[in-house]
Amino acid sequence: MQVKLTLEEQNILLRLAREAMERGVRGEELLPLDLTSLPLPLREEGSSFVTLTSGGLLRGCIGALDAYLPLAEDVRIHAVAAALKDPRFPPLRKDELSGIQIEISRLTYPVLLEYKDVDDLLSKLRPYVDGVILRDDSQGRVTFLPQVWEKIPDPAEFLNNLCYKMGVEPDMWRYKHFEVLIYLAEGFRE
């Protein structure tokens, strides 16, 4: 992510996300997207997470760490998935739509964070800046967006919670050398 999106580009993505979410909740197919009508940064491959909140509480969050679609299409697909497919929540109902706020996080490509030991890992993590991915061949991968630092500002607790989310002992990062990747996110909301 070399250049931040303009306010106009952010607003286009938020509008596309809202339209897609509403169509998905109503059981309607997404209309084909005319990529030629969009600014170049929205046509380029990009990865995003779409977070839905209601009354300040999480209501759904789905995204991708790897860019494989035009950013605009990636946002639309994840808006529908956040509304209907987040396994932590029941599918969004039509009567909830007016109370939903949408936040989009556009991600940079993840990079490997080299570290020697636990102390080195803790010293290299940048709270409120880095999104963090823990990856393990036997356990898969799990991530927290940079915004999660607002709720879990302590790096050790942050990693404990990532391990918990992965389904392993919360302190496993202290004695198992996970592959750790970091990324940045450009976040904007309605």
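Our structure is the block above this text.
Below you will find a few notes about this structure. Source: prediction; values computed, not measured. (Residues numbered from 1 in each chain as written. Predicted model: local features only at pLDDT ≥ 70, side-chain atom pairs only at ≥ 80, totals over all residues. Heavy atoms only, no water.)

1. Remarks on the side chain of Arg 18
Within the secondary structure, Arg 18 is located in helix 1 (residues 7-25). Among all residues touching Arg 18, those that are not within four sequence positions of it are Leu 97, Ile 100, Gln 101, Ile 102 and Glu 190. (Helix = DSSP H or I, 4+ residues; strand = E, 2+ residues; numbered from the N terminus. Contact = heavy atoms within 4.5 Å.)

2. Here's the deal with the sheet that holds strand 8 (residues 179-183)
If you walk across this open sheet you meet the four strands as 5-8-6-7, and the pairing is antiparallel. Here the strands that pair on one side only, and so sit at the sheet edges, are strand 5 (111-112) and strand 7 (140-144). Sheet topology note: the strand 6 (residues 131-136)/strand 7 ladder contains five bridges and is antiparallel. Along strand 7, the bridge assignment pairs Asp 136 with Gly 140. (Pairing = 2+ DSSP bridges.)

3. What to know about the packing of aromatic side chains
When we look at a pair of aromatic rings, we describe it by the centre distance and by the angle of the planes. Following the criterion strictly, the structure yields two aromatic pairs and no others. Pairing Trp 149 with Phe 158 gives two aromatic rings, centres 3.7 Å apart and planes at 5°, and the pair type is stacked. A residue is classified by how much of its surface remains accessible, and Phe 158, at 0% relative accessible area, is buried. Members of the aromatic cluster, joined through ring pairs, are Phe 144, Trp 149 and Phe 158. (Phe/Tyr/Trp six-rings, centres within 6.5 Å; stacked < 30°, edge-to-face > 60°. Buried < 20%, exposed > 50% of the residue type's maximum accessible area, 1.4 Å probe, protein only.)

4. Remarks on the pattern of salt bridges
Scanning all chains against the criterion turns up 17 salt bridges. Three or more residues are tied together by salt bridges with common partners; here these are Arg 59, Arg 93, Asp 95 and Glu 96. (Salt bridge = Lys/Arg side-chain N within 4 Å of Asp/Glu carboxyl O.)

5. Points about helix 3 (residues 71-84)
With 14 residues, helix 3 extends 20 Å from end C-alpha to end C-alpha; this agrees with the ideal 20 Å at 1.5 Å per step. All buried positions along helix 3 are accounted for by Leu 71, Ala 72, Glu 73, Asp 74, Val 75, Arg 76, His 78, Ala 79, Val 80, Ala 81, Ala 82 and Ala 83. The inward-facing, buried residues of helix 3 abut helix 1, helix 2 (40-43), strand 1 (45-54), strand 2 (57-63), strand 3 (69-70) and strand 4 (100-107). (Expected span 1.5 Å × (residues − 1).)

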